[in-house]
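Residue-level structural notes
Each chain, letter by letter, is given below.
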Amino acid sequence: MPARVVPDNVPSAMYGFPLAPAGAALWQGAVARMRAGDLPGAVAEMGRMLELQPGFVPAMVQRALWLLSLDRYREARSLACAAAAALPRSPPLALETVRLLRRFEEVERIERVVHAVDWSGSDAGTHAALAAELAPIALYKDATRALDQAEALLPADDVRLLGMRATLKMVEGEAGTARHLLERLAAASISHAPRAQWLLSLQPADHEDAQRQIAAIERRLEAVPPGGEAEVHLAYALHNRLHGIGDYEASWAALVRACRVKRALLQYDASEQGEIFERLMALPRFTMASTSAARQGPIPVFVVGMHRSGTTLLERMLAGHRDVIDGGESYAVSAAIRHATDHYSVHTFDLAGARRLTDPGLDLGRVRRDVLEYMRWKARGHACVTEKLPSNFLHLGVLLAALPEARVLHMRRNAMDTCFSNLRTLFSIAAPYSYDQHELAEYYLGYRRLMDHWSALWPGRILDVKYECLVEDPDGQGERILEFCGLSRDGPMLGTDRKGGAVATASLADVRAGIQRNRGGVWRHYQRHLSPLSARLESDAR
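The paragraphs below set out a description of the structure included in this document. (Residues numbered from 1 in each chain as written. Predicted model: local features only at pLDDT ≥ 70, side-chain atom pairs only at ≥ 80, totals over all residues. Heavy atoms only, no water.)

1. Thoughts on the environment of N422
As for its position among the elements, N422 is in helix 21 (residues 415-423). The contact partners of N422, leaving out residues within four places of it in the chain, are M306, H307, R308, F427, Y433, S434 and L440. Looking at N422, its side chain comes within polar contact range of the main-chain oxygen of H307, at 2.7 Å. Within the local environment of N422, its side chain forms a polar contact with the backbone oxygen of T418, the two atoms lying 2.9 Å apart. (Helix = DSSP H or I, 4+ residues; strand = E, 2+ residues; numbered from the N terminus. Contact = heavy atoms within 4.5 Å. Polar contact = N/O pair within 3.5 Å; in protein donor to acceptor, adjacent residues only side chain to side chain.)

2. Some remarks on the environment of L154
When you line up the elements, L154 lands in the loop between helix 8 (140-152) and helix 9 (162-171). Spatially, the C-alpha atom of L154 lies 49 Å from that of L482, the residues being 328 residues apart in sequence.

3. Concerning the sheet that holds strand 5 (residues 384-387)
The sheet built from 5 strands is open, its strands ordered 4-5-3-6-7 with parallel pairing. Each of the sheet's edge strands pairs with one partner strand only, and the pair in question is strand 4 (324-326) and strand 7 (462-466). In this sheet, adjacent strand axes meet at a mean angle of 25° when their direction is disregarded. Across 3 bridges, strand 4 lies against strand 5 in parallel orientation. Among the inter-strand pairings, D326 is bridged to a residue of strand 5, identified as T386. In this fold helix 24 (residues 474-485) packs onto strand 3 (299-304), strand 6 (407-412) and strand 7, with an angle of close to 165° to the strand it touches most, strand 7. (Pairing = 2+ DSSP bridges. Axes fitted to C-alpha atoms, helices over the stretch in contact; angles between N-to-C directions.)

4. Description of the pairing of strand 3
Of all the 6 residues making up strand 3, 6 are buried; the element is thus mostly covered by neighbouring parts of the structure. Residues I299, V301 and V303 point to one face of strand 3 and P300, F302 and V304 to the other, with burial holding for every one of them. Where strand 3 lies against strand 5, 4 bridges are found, and the strand directions are parallel. Opposite F302, over in strand 5, you have E387 as the bridge partner. (Buried < 20%, exposed > 50% of the residue type's maximum accessible area, 1.4 Å probe, protein only.)

Okay, structure coming up:
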C-alpha cells in the first residue's frame, strides 16, 4: 500500500505535529522500506518512530494502513482508534483519518473527528472528498454540509459534483430535484453522463420521455469504450427504460450486455463461495455470550435475507413504531467479526474469515461489545434499533450466540422474483454473484440451505416473514413481528405509508410508494430467457 500521509521531503512538522530529527529519519527509513517492498520492515520502523513520538498521529495513520495490508486487523484498528481519539485538527490529516476509520466501520469515531475540525479554510477538493466519504456511511447531514462548502468554492457552471448532490437528494426522497440535477449532468458532462443516465432510469418516466432517454442512451453506447463501467451503466439504463415501455426482447438484450460486461469486471469465485456456505453450516452451536443482569442499551433487530427480498420495506414499516429507529445498512457486524477473527476483507465475508471462525480463541464477547457499542450510538435513545444489511445472514451463527437478546427477521420472497430482481439490479460490489444465471442460482440455493440450518440450530430465534404475506396482510403480519420483537401494540402499528426518512438501498426509487402488491412475476416477461436460472432452482426443489 503506497504512502498516503507523508510528503517525500519530511519537514520539521507535519500536519501541525512537531517532528524531531530522529523521528524524521525513522519516518524516511520506514517509507524507503515500504517502497523497496519490505512492508513488515516498514511497519517495524514506523513502530520505532511511534516509540520515540507516541502521539504523532500521521505515523499512527500510516502504520495502521500498512498493518491492514499485512492482515493484522486488531493492531491496525487499535492504532486507528488512537488516531481518532487524538482528534487531528488539520483537515487533510482528519480526512486521511476518516478514510482509515471507514476500513473498520468506526462511524461514531468518524463523526467525532469530523465535528472537531474547522473545515472552513479547506479547498473544494477536500470538502468534496469528505462528502464522498461520509455519504456512504449515512452521515448525510455532514456530507451535505461538506458538499455545500465544496460547491460554494466552485464556479456556478461546474457540474462535477452534481452526481453526488443528486444521489443525496434521491436518498432524502427529493426525486424531482434529483432528476433535474441528473438531466443537467447528463447533458453537460461526457464522463459523468453514463452514471447519470443510469440513475435517471431508476425514476418513473412517461412513454415520450422514456423514448427520448432511450435514444440518448443508444447514442452514448455507440461512443463509449467497450468493457468498462460506462458501458455497464448505459446498458443497465437502456434495460430499465426498454422494460418500462414493454419492449422486453430489446430490454433483455440490453440486460445480457450489462451483465456480461459487469461480470467480466469482477473477481468472484463461485466454488469459493460454496465452500464458505459449507464451512458455516459445519460450525458448532457456539455457547452464548454472557449478558449482564440488567441489559443496557436498545434491542437489536436484524433484518436479513437475499438482496431484493423486501428487507427495506420491512425495516421502514417497523420503524413506524414509536420505539423503533431504522438503522439502515451498515457493515458493523462484519467489522465486529473481523475484529474477533483478526482478519480484514473488503467483502462482507470471505473464505479466510470463515476458516478463522473455528479458532478456539474466538471471542464472542468481543463481537458482543463491538456490535452493542454501535447499536447504542445508532439508537439515539430509542428502545429498539434495526440493522438491515441482507447479507448479515452469513453471520447468524456468531451473532445469535454473541447477542442472546437480538431478534432476527428473515425476509423470504418467491425464488424467481428474488433472483430476477437481483439479476436486473446494478450493485456496487455487494452482490458479485448476481450477474450470471448459474452463479446466481447456486448462491440463492446456498443462502436458503444456510438459513434453514440456522433456523434448526437456533429454534425460536429467527422469525420468517414472507414478502407476499406482508404486502397482502400488513396488519396481521405486523402483529406477529411486533410480538416477536417484544414491542408494545398499544400505539401505532407498522408504518405502511412512510414518505420521509433516508433510503440508500437499491429500493430507494420505489420503497417510498409504500406497499406495492403488483411487483411479483416480472420475470415472466423474460421466462424463455431464464431457463438456466429456473431449471436450477426447480431441480433443487425436487
